[in-house]
Amino acid sequence: KQEVTQIPAALSVPEGENLVLNCSFTDSAIYNLQWFRQDPGKGLTSLLLIQSSQREQTSGRLNASLDKSSGRSTLYIAASQPGDSATYLCALSNDYKLSFGAGTTVTVRA
Amino acid sequence: NAGVTQTPKFQVLKTGQSMTLQCAQDMNHNSMYWYRQDPGMGLRLIYYSASEGTTDKGEVPNGYNVSRLNKREFSLRLESAAPSQTSVYFCASNGGGANYEQYFGPGTRLTVT
């Protein structure tokens, strides 16, 4: 069974600082990895999808890396803004199904 | 293009009552999913439908049933609600297969008293 861990559970940084969010997993036989953003009381919004054959994916200020051999993915958010405050979840696909981490709640202080 | 829609947004049930959560997607996706989200536990898969006409159990299926009504719609039924089913329920869909991005609905907040 895939175990997905996100540490830390919460993070507070001043505006402008770069954010580094970690995701570790136990089973490297994955099809893809997705990073999601969730605002309080809302659904999940997909940020980035990394296929198993890829090492990283970039979108604007966001960059996600994938290292299957070490069972790790990292989401980098450059020059954080108060609008980046949210919970970030990683999820791994082993087949049709996603296994989720519990998330990291980020607060960016103005 | 509404994406994934869910009804209702909020619901309060008494123990033992039944209800059906509705989900629809307009992206012509093959696969649909039901998750529940509880504090500190992430999202857990309840049931999924890889394609129209098929359904399979996920990680936490006990106390739930599903129906894939057609390609667009996937409903989740609680036959006899219990306080342990108090949660936020999310429906999701993707194009079909492991390499596709999942899209989520806004969620249904269910409280069972």
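Residues numbered from 1 in each chain as written. Chains lettered and ligands numbered in written order. Predicted model: local features only at pLDDT ≥ 70, side-chain atom pairs only at ≥ 80, totals over all residues. Heavy atoms only, no water.

(A) Here's a closer look at the overall build of chain A. Each helix and strand in chain A was counted, giving zero helices and eleven strands. Taken over the C-alpha trace, chain A has a radius of gyration of 13 Å; the compact-globule value for 110 residues is 13 Å, and the two agree within 12%. Counting only C-alpha atoms and orienting by the principal axes, one finds that chain A spans roughly 40 × 25 × 20 Å. Counting over 110 residues, chain A shows a buried share of 45%. (Helix = DSSP H or I, 4+ residues; strand = E, 2+ residues; numbered from the N terminus. Rg over C-alpha atoms; globule rule 2.2 N^0.38 Å. Buried < 20%, exposed > 50% of the residue type's maximum accessible area, 1.4 Å probe, protein only.)

(B) Main features of the pattern of salt bridges. On inspection of all chains with the given rule, the structure shows seven salt bridges over all chains. Close ionic contact of Arg-44 of chain B with Asp-38 of chain B constitutes a salt bridge, the shortest N to O distance being 2.8 Å. A salt bridge links Arg-77 of chain B to Glu-79 of chain B, with the shortest nitrogen-to-oxygen separation between them at 3.2 Å. What you see here is one network of salt bridges that share partners, running through Lys-1 and Glu-3 of chain A together with Glu-59 of chain B. (Salt bridge = Lys/Arg side-chain N within 4 Å of Asp/Glu carboxyl O.)

(C) How the structure looks around the sheet that holds strand β6 (residues 56-59) of chain A. All names here are of chain A. Taken in spatial order, the five strands make up an open sheet running β1-β3-β8-β7-β6, and their pairing is antiparallel. Every interior strand has two partners, whereas the edge strands, β1 (4-5) and β6, have only one. Relative to strand β7 (residues 62-67), β6 runs antiparallel, the two being bridged by four bridges. Following the sheet pairing, Ser-59 is matched in β7 by Leu-62. (Pairing = 2+ DSSP bridges.)

(D) Examining the packing of aromatic side chains more closely. Under the counting rule described, the total for this entry stands at nine aromatic pairs over all chains. Between Phe-100 of chain A and Tyr-35 of chain B, the aromatic rings sit 5.5 Å apart at their centres with planes inclined by 85°, giving edge-to-face as the arrangement. With one member in each of two chains, Phe-100 of chain A in strand β10 (residues 98-100) and Tyr-35 of chain B in strand β4 (residues 31-37) form a pair that bridges those chains. In terms of burial, Phe-100 of chain A and Tyr-35 of chain B fall into one category: buried. Ring centres of Phe-100 of chain A and Phe-104 of chain B lie 6.0 Å apart, and the angle between their planes is 80°; this geometry places the pair in the edge-to-face category. With Phe-100 of chain A in strand β10 and Phe-104 of chain B in strand β10 (residues 103-104), the pair connects residues from two separate chains. Neither Phe-100 of chain A nor Phe-104 of chain B differs from the other in exposure class; each is buried. Among the aromatic residues, those joined into a cluster by ring pairs are Phe-36 and Phe-100 of chain A together with Tyr-33, Tyr-35, Tyr-48, Phe-90 and Phe-104 of chain B. (Phe/Tyr/Trp six-rings, centres within 6.5 Å; stacked < 30°, edge-to-face > 60°.)

(E) The arrangement of the environment of Asp-38 of chain B in detail. Residue and element names in this part refer to chain B. Tracing the backbone shows Asp-38 in the loop between β4 and β5 (43-49). Distance in space between the C-alpha atoms of Asp-38 and Thr-86 is 8.5 Å, their sequence separation being 48 residues. Here the side chain of Asp-38 touches Arg-36 through a polar contact of 2.9 Å, side chain to side chain. There is a polar contact of 2.8 Å between the side chain of Asp-38 and the side chain of Arg-44. (Polar contact = N/O pair within 3.5 Å; in protein donor to acceptor, adjacent residues only side chain to side chain.)

(F) Expanded view of the sheet that holds strand β7 (residues 64-68) of chain B. All names here are of chain B. In space, the four strands of this open sheet follow the order β1-β3-β8-β7, with antiparallel pairing throughout. Each having just a single partner strand, β1 (4-7) and β7 make up the two edges of the open sheet. Put simply, the sheet's adjacent strands are angled 20° from each other on average, direction ignored. Two strands pair when backbone bridges link them, and β7 and strand β8 (residues 74-78) are joined in this way by five bridges, in the antiparallel orientation. For Tyr-64, the partnering residue across the bridge sits in β8 and is Leu-78. (Axes fitted to C-alpha atoms, helices over the stretch in contact; angles between N-to-C directions.)

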